[in-house]
Structures are given as C-alpha cells and as structure tokens.
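# Fold and contact review
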Amino acid sequence: MLELVAIRRGAYYDSVTLMQVSKRIAATPGITAAQVAMGTELNLEVLAGMGFTLPDGIGVNDVVVALQGDSAEAIDAGVAAVDAALAELKANSRKPSGFGSAPEPVTLGGAIAAGESNLALISVPGEHATAEAMDAIDAGVSVMLFSDNVAVEDEVALKDAAAACGVLVMGPDCGTAVVSGVALGFANVVAPGSVGIVAASGTGAQQVMCLLDAAGVGVSHVLGVGGRDLKTEVAGRSTRQALAMLAADGATDSIIVVSKPPAAEVLADLEEYAATLGLPVHWAILGAGRPDLTTSTSAALGPSGSAAPQWLSWGKSPEGVGAGSLRGLFCGGTLADEAMLIAGEALGPIRSNIPLSPEMALRSDLGAHGGHVVIDFGDDGLTRGRAHPMIDPSLRQERILAEGADPSCGVLLLDLVLGYGSHPDPAGDLAEAIRAARSRATAGGRDLPVVVSLVGTAGDPQGLEACAQALVDAGASVYLSNAEATRAALTALGHDAPKPETPSATSDSAPQNGAHDGQTAATLPTEPVVATVGVGLFSDALTAQAVAVTEARWQPPMAGVDTADLRRILLDPRREAANALAFERMTAAGAELVDVRPASAALGLEKGTFLHAGPPLEWERASGPMKGALIGAILFEGMAATPEEAEAKLAAGEGITLEPCHHRDAVGPMAGVVSPSMWVYELHDPIHDNRSWCSLNEGLGKVLRYGAYGPEVIDRLHWMNSVLGPLLQQAVRKAERIDIMAIVAQMLQMGDEGHNRNRAGSLMLLRELLPNLITADGSPSDIAEAVRFSGANEHFFLNLGMPACKLATLAAHGIPGSTIVTTMARNGTDFGIRVSGTGEQWFTGPANTPEGLFLGAYGPEDANPDIGDSAITETGGIGGVAMAAAPAIVKFVGGDVPFALQATQKMYAITEGEHPAYQIPILEFRGTPTGIDVTKVIRTGILPQINTGMAGRVAGTGQVGAGLVNPPEACFTGALAALARAV
C-alpha cells in the first residue's frame with residue numbers, strides 16, 4: 001500500500017466543501033483511502049487514526065491532502081482528481097449567483113469573460129480599437145475589427161500578436177465576415193456550402209457571396225482580413241493565416257481570395273503559398289488587366305461543377321444619352337474600384353477620393369468637378385466620426401441630389417448593399433433620392449439615367465426583390481453584378497463597354513501534393529459565441545440570428561489621455577507576460593509575523609527621522625492631521641516639551657528628516673508617523689525573502705495616527721512602548737511564525753474585508769498570540785491590560801494586514817513592462833501611486849475627501865482629505881475592493897449592501913485576476929479582484945474603491961468618521977505617460 005501526504009498552504013476551504021472533495025477523490029480507481037481537510041487538531045487526529053503518517057509543522061490554515069492507494073498510478077490519479085476538484089471549485093466561483101447585480105462589462109475583455117465568448121466584433125472609433133483588439137488576442141479569441149482609421153503600424157502589431165497566440169485578426173476596416181454560418185458586420189444571408197472566401201474587401205466579399213448564392217453555391221466561411229492586408233506594409237499577414245484556417249477546415253473544399261488592387265510582391269508570395277495548401281484557390285483580385293469580380297466568380301464556379309447563370313437584373317436597360325460624365329457614388333470601396341477599372345478603359349482616367357493613380361485625387365471637400373468622378377463614401381476619410389454609409393446614407397443622398405442638378409452629370413452609377421448590419425430600408429431612402437435627382441434633371445431639360453448594382457440575396461432581411469422593385473419604380477436600372485451595372489452605365493453614355501478579361505491559366509492555384517510551410521492554423525468556432533463592443537446594430541443583427549452575444553458598454557478612456565500612449569503600452573510585447581508575473585508573485589507571496597521590535601532597530605531610524613504615510617511631503621504642505629501626528633511624535637520622543645516647541649522644530653527643519661514609510665518597505669495607517677522609539681511589527685515573506693513593517697495599532701478615537709497629540713495620546717504611546725511592545729515581542733518570538741496571509745484568507749470568509757472591518761481577523765490573531773502572551777515574562781496586571789487593550793481593539797489586526805499586503809505588492813514590484821499598481825498611499829495632501837514597471841517614481845494628484853458617516857456632531861466640513869498607507873490593502877486585493885466579503889461594513893462607511901456587492905464586482909474590470917486564496921463567499925467563493933492595472937483603469941474610467949477612516953481637518957482633532965473614497969485620475973494618467981515612455 002502506497003501513501004501520499006501533501007500540505008498545501010495559502011488556501012482555505014470550509015469543511016463541507018472539503019468533505020465533498022474527499023468523497024469524490026475516494027471514488028478514484030485504486031484509491032483505498034482519501035481525506036482532504038484543513039489542518040485542525042481534530043482533522044489531524046482523524047488522519048492519524050486512518051493510519052497516515054503526518055509531518056510536523058502542519059498549521060490550522062493548511063490544507064492536508066492524504067491519499068492511500070494500491071499503486072503509484074492510483075496515487076497519481078488521486079492527485080490529479082484533487083487538482084481537478086479544486087480547479088472546478090475555482091471555476092464555479094466565477095459564476096456568482098448572489099444578490100446585487102454585477103455591472104455590465106465596459107471593455108471587450110470584460111464581455112468575453114462574462115459571455116465565455118469564442119469570437120469578437122469591434123466597431124469602436126479607430127483610435128480606440130487597438131485596445132479592444134488586444135483584449136480579444138489576450139483572451140485567445142479571433143476578432144473581427146470593423147473599425148477603420150487604425151494606424152497601419154498598429155495593424156501590423158495586432159496581427160503579429162494574434163499569430164503568436166494562434167488567433168486571427170479580421171481587419172481593421174473589415175466590413176464582412178461569416179463564421180460557421182454566423183454573419184458578422186455587413187454580411188448577406190447565404191446557404192452553407194463548401195466554398196471559403198478570404199477577403200481584403202468587405203463589399204467585394206459580399207458581391208462574390210451573393211453571386212455564388214445566385215448560382216446555387218453556398219459558403220463555409222467568409223474571413224475578412226481588412227483592406228490593407230495585401231498592401232506592402234502589412235504583407236498579407238491575415239490572408240496567410242485565413243488561408244491556413246480554411247485549408248484545415250473540413251467543410252471547405254475550395255477558396256476564393258477577394259481583394260482590391262494588391263501589392264504585386266504580396267500577391268505573388270500568397271499565390272506561391274496557396275499552391276501548397278492542397279485545395280483549389282481562386283483569385284478574384286482587382287487590378288489593371290485582371291478579370292472583374294463577376295468574371296472571376298464565374299470562373300471559380302466551373303471547377304465546382306456549377307455553371308455561371310445569367311446574372312439577375314431588374315427594369316429596363318438604361319437608354320443612351322450620349323453625353324455627360326459618369327458619376328459613381330458608392331458605399332463600397334471595392335465596388336467603386338471595380339467600376340473605375342472597368343469604366344476607365346472606355347473613359348480614361350477617373351477622379352476619385354480613392355483614385356487608381358495619385359494625380360486623379362479629388363479635393364478633400366469632394367467639391368464639384370467636371371469630368372468623370374467616382375466617390376467611395378465608405379472611405380476612412382468620410383467615416384471618421386460618423387457611421388458607415390451602409391448604416392447612415394445621408395451624405396451620399398445629398399450628393400445624389402447635387403448630381404441631379406449638375407448638367408455635366410450624364411449617368412449616375414450607384415450601389416446598394418443588403419444584408420445584416422445594413423440600413424433596414426436602404427432601398428426606400430435611395431429610391432426617394434433617385435426620384436428627386438431625376439426630377440431635378442428633368443427640370444433642367446435633360447434625362448438622367450440611374451444604374452444601381454444591388455448586392456443582396458433572397459434571404460437578406462431587407463428583401464432582394466422588394467428592394468429591386470422599389471429602385472425600378474424610381475426609374476433605375478438594377479443589376480446583381482456590379483461589373484454589369486458599370487458596363488450598362490457606359491452604354492448609357494454612348495460608349496462601348498469593354499469586354500470582361502478572361503481569367504488566365506495562372507490565376508488559380510492548383511493543389512499540389514505536400515505540406516504547406518508550417519503556418520499554424522487557428523481554429524474556427526463551430527458554434528460562435530460573440531462578444532461585441534461598439535455599434536449596437538451589429539449586436540442586434542447577431543441576436544436576430546439567435547446567436548449568443550454579450551455586448552460591452554463601452555466608453556472612451558479617461559479625459560486627457562493620449563490614446564497613442566495607451567496603444568503603445570498595450571502593444572508592448574512585454575506587457576502580458578510582465579503582468580502575469582506580477583500577479584503570480586503578488587498572489588504567491590507569504591506573510592509571516594516574525595518579530596516585534598523598536599523602529600530604531602528594525603528600520604534603522606535615527607533620532608530626528610520620522611516616517612509618514614503617503615508620497616513624499618514637506619512640512620509646509622502637510623495637512624492638519626499629518627502636522628498633529630508629527631507634533632505628537634516629537635513630544636513622544638522627548639525632542640520638545642510643548643506642542644508649540646514641537647511645531648517650531650518641524651517648521652525649522654533642523655535635525656528633522658521626513659520620509660515616506662514606503663521608502664523603507666514599511667506602512668503606517670492614517671498619518672502613518674513612525675519615530676525611532678516606536679515599536680513595529682516585522683513580517684517576512686518566505687517565498688521572496690522580503691520584509692515589511694508597521695506600527696502597533698492604538699485603537700480608535702483620539703489617537704496619534706488621526707493627528708491627536710494630547711497628554712492621553714502621548715501616555716498611551718509610552719505604555720505601548722514600555723508594556724505592550726515587549727509583551728507582544730515575547731509572544732511572537734515564542735510562536736516563531738504566525739501566518740498572517742492565512743488569517744486574511746479566513747477573515748474574508750467571516751465577514752471582514754481587511755481595511756475598516758477586522759473583527760474576525762483580530763480575534764484570530766489573538767487566538768494565535770494569547771497562549772504565549774499570558775505566559776510572558778511580565779506582571780499579571782501588565783499582561784491583563786495588554787490582553788484587554790488588544791481584545792477591545794477591533795482594528796488590532798489592521799496593522800498586520802497592511803504589511804502583509806505590502807509584502808505581496810513588494811514581490812510584484814520592479815518588473816519591466818508591467819502596468820500593475822504596487823503602491824497606493826495618501827498623506828492628507830496628495831494621493832500617490834507607484835507602478836511595477838516604473839520603479840520608484842511616484843505619480844500623484846490631490847487627495848480627495850472621503851464621503852461617509854460621521855461621529856457625533858462632526859460633518860463633512862470637519863473632514864480632512866484622504867490620508868494613510870492603509871490603501872495598501874486595496875492594492876493587495878482586500879479592503880474596499882473586497883467589500884462584498886463584509887456587507888456589514890456599510891454601517892461604518894456608508895452605502896448599502898447591494899452597493900458593497902457591486903463595488904467589488906466593478907473592481908474585476910480593472911484588475912489582472914482573482915486571488916486564489918482570498919475568496920468571497922457571497923460571490924460563490926470568487927477570488928478577490930487583485931492586481932490593479934493602470935491601463936484598465938484608464939480604459940474603463942473605473943477608479944479603485946477605498947474605504948477608510950476620516951481624520952479631522954484641524955490638527956489634534958482625531959477621528960471624525962469613516963467613509964468611501966477613490967484616487968484622483970491624475971495618478972493614473974501620469975503613470976500611463978511614464979509607462980509609454982518606458983516602452
């Protein structure tokens with residue numbers, strides 16, 4: 001019989017949960033005995049009675065895994081079953097069912113997590129799209145990036161990041177995609193089939209899929225890659241990936257690649273690559289001397305066994321006017337390009353906002369021009385700050401009316417694209433504009449032929465036939481093929497329409513034997529579950545298809561943020577791994593109470609050196625409570641006989657040094673003043689071998705940390721020095737180590753949050769200390785008073801929870817590229833943060849004044865701005881960010897229970913992850929939100945939630961209340977700028 005006993009530290013589970021786990025493990029084949037339990041005295045007796053040999057040093061906060069089995073394989077299977085059971089508990093904790101509704105996700109990353117999505121769609125303004133796209137990539141989800149106006153360098157970086165993660169970026173400026181039958185963005189309703197489409201063109205893809213549909217051929221997937229993907233700068237990155245995905249897709253037998261005119265070298269490289277894929281690849285690539293999309297689609301139908309039909313048209317062919325110029329007004333850029341390529345053969349160069357040659361560019365205002373003109377109203381320059389013309393056609397409608405009144409306009413060539421995402425009644429609006437334009441032309445004594453290419457299918461929600469009839473009734477000639485529509489427009493002008501180019505023998509890539517070049521193919525979801533951010537219309541279209549969709553309630557980043565800085569940081573290749581490492585170190589850090597001793601010995605403080613809370617501060621800028629605490633410390637140290645003398649010494653500054661606690665890896669609540677003679681707790685992190693310190697807690701009311709310095713305050717400090725400190729030192733040294741992190745984990749499950757509510761933590765600490773405290777070398781009266789003082793102080797544990805959190809954040813500090821906050825601290829004047837990736841630099845802003853509940857007759861006018869190092873608790877994953885663990889806290893700081901629950905749930909949107917040991921019962925044991933991320937704060941506008949005590953504004957007042965507060969935005973905007981400079 002084989003046996004295994006393993007000790008797992010840093011996690012706490014209730015007995016019922018572990019009983020259920022034990023029962024599940026015992027059912028593992030080959031396991032003869034199994035017990036998973038906390039290391040309590042009773043449980044250790046049970047384990048010993050079961051015959052297990054237990055190691056020394058098991059604590060009540062340790063999880064003991066004890067297994068007996070008939071083989072090594074059985075033991076291994078049992079351990080695997082334990083790991084799976086505990087992982088399942090953690091996974092289930094991510095689905096809270098307690099009352100207090102969770103806030104809506106505000107980023108794509110939040111929506112992906114909330115909906116467990118496997119596909120994403122982004123349609124926010126281009127300058128913000130990169131941030132959302134990185135959310136999808138980081139989550140391992142392929143993303144359609146509808147947004148345009150994305151910098152090309154960002155596009156390249158996104159696509160490289162996606163390839164490294166095995167996912168596909170479809171875009172930017174990707175208008176159309178269909179994945180496993182689900183239409184994304186602007187897409188038509190087509191039958192499923194075996195033809196896959198890769199498209200560096202949205203409306204080009206729609207034209208091809210609609211022509212295939214008219215021929216009775218369905219599609220497997222349509223993967224858009226963005227209009228620039230085949231340009232030199234991007235070099236076909238996504239096209240290559242998409243080809244590999246379709247080649248690996250069992251439902252795809254052949255591929256059509258659709259594109260506007262590409263870079264020749266990129267196309268050649270892709271043709272070479274496509275020849276290695278093992279299935280036919282056809283090229284519907286626009287360009288001089290190349291076939292139009294209709295001709296290329298017809299050619300692709302041949303190998304599939306389907307003959308190209310006579311393409312649909314409606315109404316009469318346009319009658320020739322024999323005069324005037326072509327005016328093409330398009331919503332689709334590829335359709336506009338195709339029209340210029342065809343018409344240019346008969347008409348010569350055509351002016352455009354997307355010209356085929358630079359010298360034919362229109363003025364930026366697209367003002368009236370003589371001659372032939374084609375305008376793409378969907379071009380980036382015309383959609384910045386406004387919806388795409390397939391959603392909002394008003395700009396084109398105005399131009400249609402203007403052309404009706406222009407005597408030089410000989411024919412109007414228009415497109416109308418149907419499908420999901422498009423205007424619900426596009427034909428109605430366009431027909432009205434056509435009538436008005438023709439009426440204007442008639443009033444001017446001329447006839448105005450109007451030709452429309454209608455891109456749609458019978459299944460589209462707008463109705464293909466109904467739209468065609470509406471346009472015909474308005475006097476238009478309507479064609480399913482854009483190429484045929486363009487030729488009809490040329491005929492109307494009295495020109496001979498050029499014949500379609502015949503596809504060359506080399507335009508298709510025949511399959512070759514042998515593997516392709518090793519391009520890793522991302523997989524396509526068979527049942528897409530979509531997360532969206534941006535245009536709600538696209539979410540509605542997905543809902544109409546009965547697709548599970550989660551929509552992010554997006555808003556722009558904080559005001560005053562340079563979005564280029566944000567993008568630079570998010571594209572930093574170090575960031576994801578750096579933040580993961582910071583989170584790992586933060587949550588793995590230990591915290592053991594190992595000593596209590598004077599600050600002079602522990603911290604090396606010399607006479608005249610005083611530590612204080614928050615970022616660096618000069619006496620002249622100190623607030624009332626900070627000045628009061630420093631005055632009290634001078635009196636306590638015997639450096640002055642009166643408050644007036646103490647204040648004069650501090651103002652003069654001679655022989656006085658003020659230094660933040662954090663600069664010595666210490667922390668102090670409220671004013672946080674530590675002088676050489678004061679005793680401090682010393683904590684050790686055995687994982688990273690760091691140490692942190694904090695002063696002893698004085699209790700509530702008129703105390704030094706709140707700025708009081710009366711005789712009773714000084715007397716209490718002397719008693720703590722002469723009696724309490726030495727007794728605690730004996731108790732701690734006799735105990736050797738007290739696991740503070742384990743106490744924090746348990747107190748969160750007992751109604752504490754670790755900042756303003758520490759009742760359970762204080763009692764558990766006393767449980768550890770009392771056996772040695774009551775037997776310490778001291779008078780019975782001193783011991784009794786020390787026990788009474790400690791037991792009556794609900795905040796006794798706060799001064800241990802704070803350095804425990806300091807050790808966690810200290811472990812995460814100093815990682816290049818990390819955007820995780822490792823310090824939040826306030827000195828009553830300024831609020832300051834430090835960030836892992838920016839070293840020791842402080843980023844500060846004016847401290848806000850807490851809002852909450854007041855003691856006695858005190859009110860808001862009596863409260864000082866936020867003060868104290870105790871925000872280290874929120875930095876470490878407890879305190880205000882864990883308010884859901886302590887609903888009763890609202891009786892002390894204000895608010896109500898739903899607010900407490902929602903406050904914690906909001907914090908998940910700005911943190912790196914969930915603490916594996918700090919769990920919240922009412923959220924189904926979800927881990928506390930841990931690792932505040934500067935970029936997430938900036939993107940969401942959600943500031944960390946802090947609950948805190950309030951000090952009186954006037955020196956000497958003491959505590960006036962408790963409440964809630966947030967850091968100033970300036971801390972995070974300043975940190976963002978510094979992080980960007982460090983990339």
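Residues numbered from 1 in each chain as written. Predicted model: local features only at pLDDT ≥ 70, side-chain atom pairs only at ≥ 80, totals over all residues. Heavy atoms only, no water.

Per an unreviewed UniProt entry, the protein chain is named DUF1116 domain-containing protein, and its organism is Nostocoides veronense.

Attention now goes to the pairing of strand β31 (residues 830-835). β31 sits mainly inside the fold: 6 of its 6 residues count as buried. The side-chain alternation of β31 yields two buried faces, one formed by Asp-830, Gly-832 and Arg-834 and the other by Phe-831, Ile-833 and Val-835. Where strand β30 (residues 821-827) meets β31, 5 bridges bridge the pair, whose relative direction is antiparallel. Across the sheet, residue Val-821 finds its bridge partner in β31, namely Val-835. Counting the residues between successive antiparallel strands, the hairpin from β30 to β31 contains 2 residues, one of them, Gly-828, with a positive phi of roughly 90°. By the bridge criterion, 4 bridges tie β31 to strand β32 (residues 843-846) in an arrangement that is antiparallel. (Buried < 20%, exposed > 50% of the residue type's maximum accessible area, 1.4 Å probe, protein only. Helix = DSSP H or I, 4+ residues; strand = E, 2+ residues; numbered from the N terminus. Pairing = 2+ DSSP bridges.)

The full count for this structure, using the stated rule, is 33 salt bridges. Its salt-bridge partner being Glu-785, residue Arg-788 comes within 2.7 Å of it at the nearest N-O pair. Taken together, the residues Arg-788 and Glu-785, both in helix α26 (residues 780-792) and 3 residues apart, mark about one turn of the helix. Given the relative accessible area of 46%, Arg-788 is considered partly exposed. Arg-834 is the salt-bridge partner of Glu-840, the closest N and O atoms lying 2.7 Å from each other. What makes Arg-834 buried here is its relative accessible area of 3%. What you see here is one network of salt bridges that share partners, running through Glu-155, Lys-159, Arg-228 and Asp-229. (Salt bridge = Lys/Arg side-chain N within 4 Å of Asp/Glu carboxyl O.)

This next bit is on the sheet that holds strand β33 (residues 851-854). One open sheet accounts for 3 strands, arranged β33-β38-β37; its pairing is antiparallel. One side of each edge strand has no neighbouring strand; the edge strands of this open sheet are β33 and β37 (946-951). If you compare each strand with its neighbour and ignore which way they point, the axes differ by 25° on average. (Axes fitted to C-alpha atoms, helices over the stretch in contact; angles between N-to-C directions.)

Before going further, it helps to examine the side chain of Asp-933. As for its position among the elements, Asp-933 is in the loop between β36 (926-932) and α31 (934-940). No salt bridge is formed by the buried Asp-933; the nearest opposite charge belongs to Lys-936, separated by 4.7 Å. In terms of polar contacts, Asp-933 uses its side chain to reach the side chain of Thr-819, at 2.7 Å. Sequence-distant contacts of Asp-933, defined by excluding residues within four places in its chain, comprise Asn-579, Thr-819, Ile-820, Ile-910, Thr-911 and Glu-912. (Lys, Arg positive; Asp, Glu negative; His and termini not counted. Polar contact = N/O pair within 3.5 Å; in protein donor to acceptor, adjacent residues only side chain to side chain. Contact = heavy atoms within 4.5 Å.)

Another point: the packing of helix α7 (residues 202-214) against helix α10 (residues 293-301). Two numbers describe how α7 lies on α10: the axes approach to 10 Å, and their chain directions differ by 45°. When the interaxial angle is binned, α7 and α10 end up oblique. The interaxial crossing formed by α7 with α10 has right-handed handedness. Residues Gly-204, Gln-207, Val-208, Leu-211 and Leu-212 of α7 lie in contact with α10, whose contacting residues are Leu-293, Thr-294, Thr-297 and Leu-301. Here the contact of α7 with α10 is built from residues that sort into 5 nonpolar, 4 polar and no charged. (Parallel < 35°, antiparallel > 145°, perpendicular 65-115°, else oblique. Left-handed = near helix turned anticlockwise from the far one by under 90°. Nonpolar A, V, L, I, M, F, W, Y, C, P; charged D, E, K, R; others polar.)

Moving on, we get to the packing of aromatic side chains. For any pair of aromatic rings, geometry is given as the distance between the ring centres together with the angle between the planes. Tallied over the full model, the rule gives 4 aromatic pairs. Here Phe-186 and Phe-538 contribute two aromatic rings whose centre-to-centre distance is 5.6 Å and whose plane-to-plane angle is 80°, an arrangement assigned as edge-to-face. Taken together, the positions of Phe-186 in the loop between β8 (182-185) and β9 (192-200) and Phe-538 in helix α17 (residues 536-544) put the pair 352 residues apart, joining distant regions of the chain. The pair formed by Phe-186 and Phe-538 is uniform in burial state, with each residue classed as buried. Joined through ring pairs, the aromatic side chains of Phe-146, Phe-186 and Phe-538 make up one cluster. (Phe/Tyr/Trp six-rings, centres within 6.5 Å; stacked < 30°, edge-to-face > 60°.)

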